[in-house]
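Close look at the chain arrangement
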There are 2 protein chains.
Amino acid sequence: MKRVYNFSAGPSCLPVEVLQKAADEMVSYGDSGMSVMEMSHRSSYFKDILAEAKSLYKELMNVPDNYEILFLQGGASTQFAMVPLNLLSKSNKADFMVTGSWAKKAYQESARYGEAKVIASSEDKTFSYIPKVDSKDFTPDADFFHICVNNTIYGSRFRPDNLPDTGDVPLVGDMSSNILSEVYDVSKFGLIYAGAQKNMGPAGVTAVIIRKDLIGHAKDITPTMLNYKIHADNDSCYNTPPCYGIYICKLVYEWVKAKGGVAAMEKINKEKAKKLYDFIDNSKLFTAPVVPEDRSIMNVTFVTGSDELDALFVKESKKAGMENLKGHRSIGGMRASIYNAMPMAGIDTLIDFMTKFEKENA
Amino acid sequence: MKRVYNFSAGPSCLPVEVLQKAADEMVSYGDSGMSVMEMSHRSSYFKDILAEAKSLYKELMNVPDNYEILFLQGGASTQFAMVPLNLLSKSNKADFMVTGSWAKKAYQESARYGEAKVIASSEDKTFSYIPKVDSKDFTPDADFFHICVNNTIYGSRFRPDNLPDTGDVPLVGDMSSNILSEVYDVSKFGLIYAGAQKNMGPAGVTAVIIRKDLIGHAKDITPTMLNYKIHADNDSCYNTPPCYGIYICKLVYEWVKAKGGVAAMEKINKEKAKKLYDFIDNSKLFTAPVVPEDRSIMNVTFVTGSDELDALFVKESKKAGMENLKGHRSIGGMRASIYNAMPMAGIDTLIDFMTKFEKENA
Ligand SMILES: Cc1ncc(COP(=O)(O)O)c(C=O)c1O
Ligand SMILES: Cc1ncc(COP(=O)(O)O)c(C=O)c1O
Ligand SMILES: [Mg+2]
Ligand SMILES: [Mg+2]
Ligand SMILES: [Mg+2]
Ligand SMILES: [Mg+2]
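Presented here is a report on the structure given in the accompanying data block. In this text, all values refer to a predicted model and were calculated from it rather than measured experimentally. (Residues numbered from 1 in each chain as written. Chains lettered and ligands numbered in written order. Predicted model: local features only at pLDDT ≥ 70, side-chain atom pairs only at ≥ 80, totals over all residues. Heavy atoms only, no water.)

**Side note on a positive patch on the surface**
On the surface, a cluster of positive charge is made up of A:Arg42, A:Lys47, B:Lys105 and B:Arg329. Tracing the backbone shows B:Lys105 in helix 4 (residues 101–111). (Patch = residues over 30% accessible without salt bridge, like charges linked within 9 Å, V, L, I, M, F, W, Y side chains within 5 Å. Areas by Shrake-Rupley, 256 points an atom, 1.4 Å probe, with all protein chains shown as cover. Salt bridge = Lys/Arg side-chain N within 4 Å of Asp/Glu carboxyl O. Lys, Arg positive; Asp, Glu negative; His and termini not counted. Charge placed at Lys NZ, Arg CZ, Asp CG, Glu CD. Helix = DSSP H or I, 4+ residues; strand = E, 2+ residues; numbered from the N terminus.)

**Some points on the sheet that holds strand 8 (residues 171–174) of chain B**
Residues and elements named next belong to chain B. Here seven strands make up an open sheet; going across it, the order is 2-10-9-8-5-3-4 and the pairing mixed. If you trace the sheet from one side to the other, it starts and ends with strand 2 (67–72) and strand 4 (115–121), each paired once. If you compare each strand with its neighbour and ignore which way they point, the axes differ by 15° on average. As paired strands, strand 9 (residues 191–195) and strand 10 (residues 206–211) are joined by five bridges and run antiparallel to one another. Looking at the pairing, Gly195 lines up with Thr206 of strand 10. (Pairing = 2+ DSSP bridges. Axes fitted to C-alpha atoms, helices over the stretch in contact; angles between N-to-C directions.)

**Digging into the relation of the copies chain B and chain A**
For the pair chain B and chain A, the superposition axis carries a translation of 0.0 Å, the fit reaches an RMSD of 0.0 Å, and the rotation angle comes to 180°. In symmetry terms, the pair is related by a two-fold rotation axis. When C-alpha positions in chain B are compared against the rotation axis, the closest is assigned to B:Ala23, at 2.2 Å. Both copies contact each other with a shared surface, as 100% of the interface residues of chain B are interface residues in chain A too. (Least-squares fit on C-alpha atoms with pLDDT ≥ 70 in both. Contact = heavy atoms within 4.5 Å.)

**Some thoughts on the packing of helix 3 (residues 75–87) of chain A against helix 4 (residues 101–111) of chain A**
All names here are of chain A. Running from N to C, helix 3 and helix 4 cross one another at 40°; their axes reach a closest spacing of 8 Å. With respect to their mutual orientation, helix 3 and helix 4 come out oblique. Seen from above, helix 3 lies across helix 4 with right-handed handedness. Taking contact as the criterion, the partners of Phe80, Ala81 and Pro84 in helix 3 are, on helix 4, Trp102, Lys105, Ala106, Glu109 and Ser110. Across the contact of helix 3 with helix 4, the residue classes tally to five nonpolar, one polar and two charged. (Parallel < 35°, antiparallel > 145°, perpendicular 65-115°, else oblique. Left-handed = near helix turned anticlockwise from the far one by under 90°. Nonpolar A, V, L, I, M, F, W, Y, C, P; charged D, E, K, R; others polar.)

What follows is the structure, given as structure tokens:
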């Protein structure tokens, strides 16, 4: 079966073993005589799948017992509203670091429901770095402090050792594009959310890890379906959950676990990213715009400096079997999203192509 | 491959041809070298899938041009909030017919955002009928009038010729459990929503058909992701849509079209339902609680009159290869959900089993 190297930022490549297994089990899951898509969410078959997904995610992320795990619908964009609707419960204030377009959207949605303050922004330099911040500038009684841990579009990230120290204020992290990619200490967060469609499964599932004390304080105007408490009280089955997507997430969790877990993924991901960044830094043609210490190990952005050459690169790389290397429409250039499922062979193929391209277009 | 007859109310049986095709295309869709799950929602591959899904749904439902079709996340339960948040824009009043648990939940959620009035309820007789109503009792300046067209749990339905005549007030229909099952005139509705997981695809997609003039009047408090206008303006791609679920819906639409469309499905569905209801009505042991003229042709509820026999029936039917015949936990008894994908052979197998069961337990 033909397979390309798919560098899409999301939805994005999944482990081929997972897809193969899903294909094998599509018409009948185990000896059930049913597809997972056809199973009642109240059936013991699906309950087992959900419990297994939850327990694997807990294990992989090393989630402490005082956190709840929820599998929701609506994408990370729905979290932009759920977070303020549920967490703005005391001072009605929240702090934000604006390190990219998604971080900004989260801020804008929160500003509709409470007093949202931008503590720092890197928009001045096209989001090419993570601003240094001082806890003294944070709102001491904020209900939460929001960061986008990995900035998918611009290719920067908060390293695990560079999270803002928010003290007692719950840190909320959008980890849509770097979930399960390297080890983060969940206990430093009040809430972590991630759309599944990058490193975890198909679009249509959002995994939320929320500290239990943050559940149950939703604003009166909160739609029932956007209330974390409703989903926590019903183990993500208040209504019909995105069952098939959760099943695929479970298969991906199993795959990550078999590879050695998140720490093992981190090691490989850092090797993959280093190889690519080193090549770019040594190249005369290609440049990576993000400052080295804040670079994402999932989304590698780079440019030639010429719009024409960038366009040619995207076109010719596609012919060479590499898909979706075009940068996000808002910044142009190139972006190689190298999630967990991208093998080293994909990086090597890309670097070979870049070498050849540089030679031909020097 | 083992297949059972799956009478689940949702998620529920899908055409085996659709599942087979999905399995075949799982690792590489056409010559793309990617799974549909891995495709960027901005890619031409996925754009084609979405456009095709939309156009097939429009064709099958005979949707007039002044309506928009949206594929959303959040299930029908999220529509319970989206409808009032978007439609309560003038008088802030809405009318409801409470013909089952879902109808009631829709009413309760609307009551949180505006003045919601119950025009009629059949709760007095365990929702076993559709109340007769008189337009004179309707709120003349209501912003909408909501009905649950098919009551999944209790097994009743508003026949296409028995819709309330709401005049200029937009009729909103929850068609989660009878979408694509028989011909309804879309132009009689202002909005029709349906969770996909019964007759259309997997859980995680909600199809909304909305008259264009009803778009763009959301309340200020409406979360961006719950605003129909956001999704209409962005052709259901404001954020990452549930791509894989939409693809499965497309395959189901193709299957329905190949069978002759909704009118053809209606004919078969009525034959299937009639056979089963006739058997029940002629049986001494089994009774169907819903009044004949309001019976659902999708969800057939029946009882023996004895809780013990009901439990035995469910247990033994499972052994005989029929899954999920247990009635909803809120009413007990039995329920056979016989959606489009349930073949006549499934009905025959069920009736044979019921015949045997009656003989053995008379
Ligand atoms: C970091 C981040 N946050 C949020 C989103 C929005 O996610 P969704 O499309 O699931 O709403 C994305 C999507 O690419 C993202 O990369
Ligand atoms: C008629 C009807 N409306 C609404 C719902 C709720 O749908 P969801 O679980 O997608 O929120 C159901 C689910 O069974 C239903 O049958
Ligand atoms: Mg970004
Ligand atoms: Mg360089
Ligand atoms: Mg009902
Ligand atoms: Mg009888």
